[in-house]
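Spelled out, the chains give:
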Amino acid sequence: MKSLRFISAEALVSDAQLARKSISSIANNLFPLLFKASYLLEQGEVIHDLVENWPLEDFNIGKLLGRTVDHQEDITSRACCVCLENCLTGLRDYVLNCSSTYAKRLKVVDLTEIKDVEFQLCKCKKTMGRWARTELLSKLCFELLVEMQRVQFDPRIFDIRIDILINLFVTERNYELVVQALLMKCHCPLKIHCVAFRADSLALRKFFYIIKLTDPSSLRKLEIVHNVRLEMEHLEMLLASVHFPLLTSLTLPARAFNVARLTAEDEPILTNIGEKISRMTQLTELSLAFSTLTGRIRKLLSPLKTPLKLLDVSNCSLNHADMAYLSNSIHSNHLEVLDLSRHDIADLYPSTFFKLLTHSAYTLKSLTLEECNIQDNHVNMLILGLSPCQKLQEFKFLGNPLSTRGLKRLFSVFSDLPMLKYIEFPVPRDCYPHNITYPIDDANLTKFDHQKYEAVAEELKAILLQANREDIRASTPLFGGYDAAIQETSNELGALLLKSFKDTLENFTASLQKMS
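Here the structure is a predicted model, which is why all the values come from computation and not from measurement. (Residues numbered from 1 in each chain as written. Predicted model: local features only at pLDDT ≥ 70, side-chain atom pairs only at ≥ 80, totals over all residues. Heavy atoms only, no water.)

(A) Just the overall build of the protein chain, in detail. When helices and strands are counted, the protein chain shows 20 helices and 13 strands. Once the C-alpha set of the protein chain is aligned to its principal axes, its extents read approximately 75 × 65 × 50 Å. Residues counted as buried form 51% of the 516 residues belonging to the protein chain. Long-range contacts, defined here as pairs at least 24 residues apart, represent 82% of the contacts in the protein chain between residues at least 6 apart. Entry remark: accessible area of the protein chain is about 24300 Å², with carbon and sulfur atoms responsible for 54%. (Helix = DSSP H or I, 4+ residues; strand = E, 2+ residues; numbered from the N terminus. Buried < 20%, exposed > 50% of the residue type's maximum accessible area, 1.4 Å probe, protein only. Contact = heavy atoms within 4.5 Å. Areas by Shrake-Rupley, 256 points an atom, 1.4 Å probe, with all protein chains shown as cover.)

Here's what the structure looks like:
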């Protein structure tokens, strides 16, 4: 729904030449309205000039593009390259523009609310993801300093200080540029303030260096993923040397923990890490996926003073003692997001899993149980566990050996969960050849009867429609859900994996040659 004001704003900015000429005579309070209208119509030049002449103290892209009185649609998920590039270059030129009609009042720019999604609605269809935004802002900060050195400006330009709140994403490819921008932060009018930091495909020594430049004392979210080879010993060193008092979310890379190789002398490392994490008194989200934590989850989580709302322990080889701890811990009554994928929950620890679901029933919003060996004979137990979860919004259970009959039984119950909006369900077992084994490897994942699957999928959706639950979206993303960060840096990630594989082969060959 658009107000008459917004329709008028669209009419003005649709003529870019007229809009740009009119900016000097536009009232301050109309800038946010014109910015959203320009963004919606992808009028890059108008966006640039609006930002270059921004007359207000605050520029919060989440508020500007979110729901407003004049335009109810939230368009923060439009990470449009044309719009964002002009927005950022407009910030640089805001500093350089000494002839602006408006006094320079801008103090804070918040870019953290841009959402990176799979399907872009912008006309250009070209997105500027988190990695690209990090690179461009770093580049513009450097260019700004060079320009300030090259040209004689009004000395008041050196009094400008604009805090840019942004979620940084650093890999090997943009590392030098970001380090350069962070090192020169004290000299640059555009001050990069990192709210969330993601590191991938980065040497460990480089990660340790750059994380200290980000001002970790104000960091809210830290993601260390994939090709950052951080292990327990490194994590202990990191937490001993760097403090994260405001951190609310921590993601550690695969194999960060591997208790299988722990000796008796190494046991204090886990205790020490747990104690250091407990100092993050605002931490409510912890992702430990693909670490081996058998029998040690208590050591890590029991020192925490704040209950976790998000816990990802997928593929962590948890045993009965771990599940018993989780089901009885303070975290169980506060969990909103839980991932227990790749654990045989129904056969190995059904009672403790059921207890965990019972305790988290009043808070749980997202549950992921992928490749948990859930079969038809477990469906009744699963239904009993899910039924009290009246706040559940999404349920993902791909990779489980359930038949069409078992899935129909589950779908008939999904309609009773009032908040449920999204389901990821497996290809029915009876769509695969009889000799298929679970978990199914990638080579065989697509080797099923597609025609039969489509027919079953329609039947399952019909069950939801008959229950007047057309608001529930159900799908089977065979290779997992969309990850914007991986999608954006997939080429670099692939190249690094190939290099890692090549190095491993070379080392193996060298070892064989020495043996011979």
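(B) View of the packing of aromatic side chains. Going through the model one piece at a time under the given rule, you end up with 15 aromatic pairs. For the pair W54 and F59, a centre-to-centre distance of 4.9 Å together with 80° between the ring planes defines the contact as edge-to-face. Of the two residues examined, W54 and F59, each falls in the buried class. Taking 5.5 Å as the distance between ring centres and 90° as the angle between the ring planes, the aromatic pair formed by F411 and F425 counts as edge-to-face. Residue F411 is located in helix α17 (residues 404-414), and its partner F425 is located in the loop between β12 (422-424) and α18 (450-466); the two are separated by 14 residues in the primary sequence. Take F411 and F425: they sit in the same class, and that class is buried. (Phe/Tyr/Trp six-rings, centres within 6.5 Å; stacked < 30°, edge-to-face > 60°.)

(C) Seen up close, the pattern of salt bridges. As enumerated under the stated definition, the model contains 26 salt bridges in all. R5 is the partner of D70 in a salt bridge, and the nearest nitrogen-oxygen pair spans 3.0 Å. Here D70, found in the loop between α5 (61-65) and α6 (81-96), pairs with R5, found in helix α1 (residues 4-13); they are 65 residues apart in sequence, far enough to count as distant. The class of D70 is buried, set by a relative accessible area of 13%. Take R5: its relative accessible area is 42%, and that puts it in the partly exposed class. Among the ionic pairs, K206 bridges to E172, the shortest N-O distance being 2.2 Å. (Salt bridge = Lys/Arg side-chain N within 4 Å of Asp/Glu carboxyl O.)

(D) Highlighting the packing of helix α9 (residues 204-213) against helix α10 (residues 232-241). Where α9 contacts α10, the two axes come as close as 12 Å, and the packing angle between them is 20°. As judged from the angle between their axes, α9 and α10 are roughly parallel. As for how α9 packs across α10, the hand of that crossing is right-handed. Residues L204, F207, F208, I211 and K212 of α9 form the contact with α10, whose participating residues are H234, M237, L238 and S241. (Axes fitted to C-alpha atoms, helices over the stretch in contact; angles between N-to-C directions. Parallel < 35°, antiparallel > 145°, perpendicular 65-115°, else oblique. Left-handed = near helix turned anticlockwise from the far one by under 90°.)

(E) Structural view of the domain arrangement of the protein chain. Domain parsing of the protein chain yields domain 1 (4-128) and domain 2 (217-225 + 233-485). Centre-to-centre separation of domain 1 and domain 2, based on C-alpha positions: 39 Å. (Domains from an automatic or database assignment.)

(F) Highlighting the pairing of strand β4 (residues 190-199). The buried fraction of β4 is high, at nine of ten residues. Summarising the sheet, strand β3 (residues 162-170) and β4 pair through nine bridges and their orientation is parallel. When the bridges of β4 are listed, L165 appears paired with H193. Two elements, β4 and strand β5 (residues 221-224), share four bridges in a ladder whose sense is parallel. Each bridged residue has a counterpart across the sheet, and for R198 the counterpart in β5 is E223. A crossover links β4 with its parallel partner β5, the connecting element being α9, and its sense is right-handed. (Pairing = 2+ DSSP bridges. Right-handed = clockwise from strand over helix to strand, strands pointing away.)

(G) Spotlight on the environment of Y325. For Y325, the position within the fold is in helix α13 (residues 320-328). For Y325 and L356, which are 31 residues apart along the polypeptide, the C-alpha to C-alpha distance reads 9.4 Å. Those residues within four positions of Y325 in sequence are excluded, and the remaining contacts are I297, R298, L301, S302 and H331.

(H) Quick peek at the environment of N97. Relative to the elements of secondary structure, N97 occurs in the loop between α6 and β2 (108-110). With 370 residues separating them along the chain, N97 and A467 place their C-alpha atoms 60 Å apart. Among all residues touching N97, those that are not within four sequence positions of it are E52, N53 and K104.

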